[in-house]
Amino acid sequence: MLDGAVNLRDFGGYATTDGRRVKRRKLYRSGTLAHLSDEGREAFEALEVGLICDLRRSEERIEEPTPFPPDAPRRAEISIDPGSAVGLRESLADGVLDLGFEERIGFMVGINRELARDHIDDYARMFEYLVEMQEGAFLVHCSAGKDRTGFACALVLHALGVPEETVFEDYLLTNEVMDYEGFILPRVLARYDQKEVPERESIMALAGVRPEYLKAAYDAIEAEFNDVEHYIEQALGLDAATRERLRARLLE
């Protein structure tokens, strides 16, 4: 973990269904990069990231700017903002802070369903950037690196031939990697302003990930495209030849 990083990790190294393996040091995922210390920035430079794909809204980029010159490394900005996420922010802004545990899960299920259903063009653009890359590593991130980024990484791993069970394992690693005490809890305390703070499990319903969240995205995919394979090809535009180009570069 880089000093000041949020949920930053290499999501390579996984075996594929055809016996190959995703290369290490070619694919990274993270939350905001705004809190990297000087040491963290130096360590980040050693990752040799050639493209940062930022899935945050413009307001998020202003509040927590990426601490590198725009051309070092190159950046792609794709603003993704599911409708349920908008509703959640509005509820919190209106002081509706006593959301029940099931309500929190319901919000997150809705967000992930909408990522798959309503942001096809955005994820297709992300793949365009990934396919076009020739040098350096690819890093995709959002604010916490778990929902918008989590779905993005699931799609990339699927496109490379990683089995679904492994994709879910990578997705759920966020709960182990995320710094609860240093990143999540301070944000929650600031929001509640001395009011009673929910228990950790309730906080993690929003701040962490659960299998049913990614499953909600898959259910939305299956409702329209039958399965993830058809979604990747028909919705995101990765035909067999394009996927093989991607695999030739990212698999060993």
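The residue numbering used here restarts from 1 in each chain and proceeds along that chain's sequence as written. Reporting in this predicted model follows two pLDDT cut-offs: at least 70 for local features of residues, and 80 or more for side-chain atom pairs to be given and counted; totals over whole chains, interfaces and linings ignore these cut-offs and use all residues. In computing side-chain properties, one takes all heavy atoms of the structure into account and sets aside hydrogens as well as water.

1. As for the overall build of the protein
Stated formally: Strands here mean DSSP runs of E at least two residues long; helices mean DSSP runs of H or I at least four residues long; both are numbered from the N terminus. Our radius of gyration looks at C-alpha atoms and nothing else; its globule reference is 2.2 Å times the residue count to the power 0.38. Think of it in three bands: with a 1.4 Å probe and only protein chains considered, a residue is buried below 20% of the maximum accessible area for its type, exposed above 50%, and partly exposed in between. Residue contacts are defined here by distance: any two heavy atoms, one from each residue, within 4.5 Å place the two residues in contact. The accessible surface values rely on the Shrake-Rupley method and a 1.4 Å probe; as for residues, cover is taken only from the protein chains in view. Think of it this way: Lys and Arg go in the positive column, Asp and Glu in the negative one, and His and the chain ends go nowhere. Where a charge sits is defined by one atom per residue type, namely NZ (Lys), CZ (Arg), CG (Asp) or CD (Glu).
Each helix and strand counted, the protein has 13 helices and five strands in total. Taken over the C-alpha trace, the protein has a radius of gyration of 18 Å; the compact-globule value for 252 residues is 18 Å, and the two agree within 12%. Along the longest, intermediate and shortest principal axes, the C-alpha atoms of the protein span 55 × 45 × 30 Å. Split into buried and exposed, the 252 residues of the protein put 56% on the buried side. Look at the contacts in the protein between residues 6 or more apart in sequence, and 74% of them connect residues 24 or more apart. Looking at the protein as shown, the accessible area adds up to about 11,700 Å², and 47% of this sits on carbon and sulfur atoms. Here the protein contributes 31 positive and 50 negative side-chain charges, whose respective centroids are spaced 3 Å apart.

2. Focus: the environment of T166
The topology assignment puts T166 in helix 7 (residues 164-172). Distance in space between the C-alpha atoms of T166 and L155 is 12 Å, their sequence separation being eleven residues.

3. Digging into the side chain of N112
Rule in force here: Two N or O atoms count as a polar contact when they lie within 3.5 Å, although within protein this holds only if one can serve as hydrogen donor and the other as acceptor, and sequence-adjacent residues are included solely when both atoms are side-chain atoms.
With respect to the element layout, N112 can be found in helix 4 (residues 101-118). Within the structure, the side chain of N112 is placed 2.8 Å from the backbone oxygen of M108, a separation counted as a polar contact. Aside from chain neighbours lying at most four places away, what touches N112 is D147, Y171, Y213 and A217.

4. What to know about the pairing of strand 2 (residues 27-30)
Quick reminder of the rule: Whether two strands pair comes down to DSSP finding at least two bridges between them.
The alternating pattern of strand 2 places L27 and R29 and Y28 and S30 on opposite faces, both of which are buried. Two strands pair when backbone bridges link them, and strand 2 and strand 5 (residues 137-141) are joined in this way by four bridges, in the parallel orientation. In the sheet register, L27 faces strand 5, and the bridge partner there is F138.

5. Overview of the sheet that holds strand 2
Spatially, the five strands line up as an open sheet ordered 1-2-5-3-4, and their pairing is mixed. Because the sheet does not close on itself, it has two edges, and the strands there are strand 1 (9-10) and strand 4 (74-77). Two elements, strand 3 (residues 49-54) and strand 5, share five bridges in a ladder whose sense is parallel. By the bridge assignment for strand 5, L51 is matched with F138.

6. Notes on the environment of R187
Among the structural elements, R187 can be located in helix 9 (residues 180-192). Non-local contacts of R187, meaning those with residues more than four positions away in its chain, are made with T32, H35, E64 and S143. At 2.4 Å, the side chain of R187 and the side chain of E64 are in polar contact.

7. Some words on the packing of aromatic side chains
Put simply, the rule is: Ring geometry is summarised as follows: Phe, Tyr and Trp rings, the Trp one being its six-membered ring, pair when their centres sit within 6.5 Å, and such pairs are stacked at plane angles under 30 degrees, edge-to-face over 60 and tilted between the two. Any Lys NZ or Arg CZ that is within 6 Å of a ring centre and within 35 degrees of that ring's normal is treated as a charge sitting over the ring.
The tally for this structure, following the rule as stated, stands at five aromatic pairs. When the ring of F168 is compared with that of Y218, the centres are 5.5 Å apart and the planes differ by 90°; the resulting orientation is edge-to-face. Note that F168 is positioned in helix 7 and Y218 in helix 11 (residues 211-225), a separation of 50 residues in sequence. Across this residue pair, the class does not change: F168 and Y218 are buried. Members of the aromatic cluster, joined through ring pairs, are Y123, F151, F225 and Y231. Above the ring of Y180, the side-chain terminus of R200 is found at 4.0 Å from the ring centroid.

8. A closer look at unusual backbone geometry
One non-glycine residue, E48, adopts positive backbone phi at about 60°. Along the polypeptide, E48 turns up in the loop between helix 1 (38-45) and strand 3. Classification of E48 as exposed rests on a relative accessible area of 58%. A positive phi angle, near 80°, is found at N226, a position not held by glycine. Tracing the chain through its elements places N226 in the loop between helix 11 and helix 12 (228-235).

9. Overview of a negative patch on the surface
For clarity, the cut-off: Here a patch means residues that are over 30% exposed by relative accessible area and free of salt bridges, tied together within 9 Å if like-charged and within 5 Å if nonpolar (Val, Leu, Ile, Met, Phe, Trp, Tyr). Only one rule defines a salt bridge in this text: a Lys or Arg side-chain nitrogen within 4 Å of an Asp or Glu carboxyl oxygen.
Judged by side-chain charge, D3, D38, E39, E42 and E45 come together as a negatively charged surface patch. Structurally, the position occupied by E42 is in helix 1.

10. Section: the nonpolar core
Inclusion rule: We define a nonpolar core as any set of buried Ala, Val, Leu, Ile, Met, Phe, Trp, Tyr and Cys residues linked to one another through side-chain atoms lying within 4.5 Å.
Ranked by size, the top nonpolar core spans 61 residues in total, and within it Y123, M126, F127, F151, Y231 and L236 carry the most contacts. If we skip the residues at most four places from it in the chain, M126 touches C53, I78, F138, V140, A152 and V156.

What is shown is where atoms sit, not what they do.
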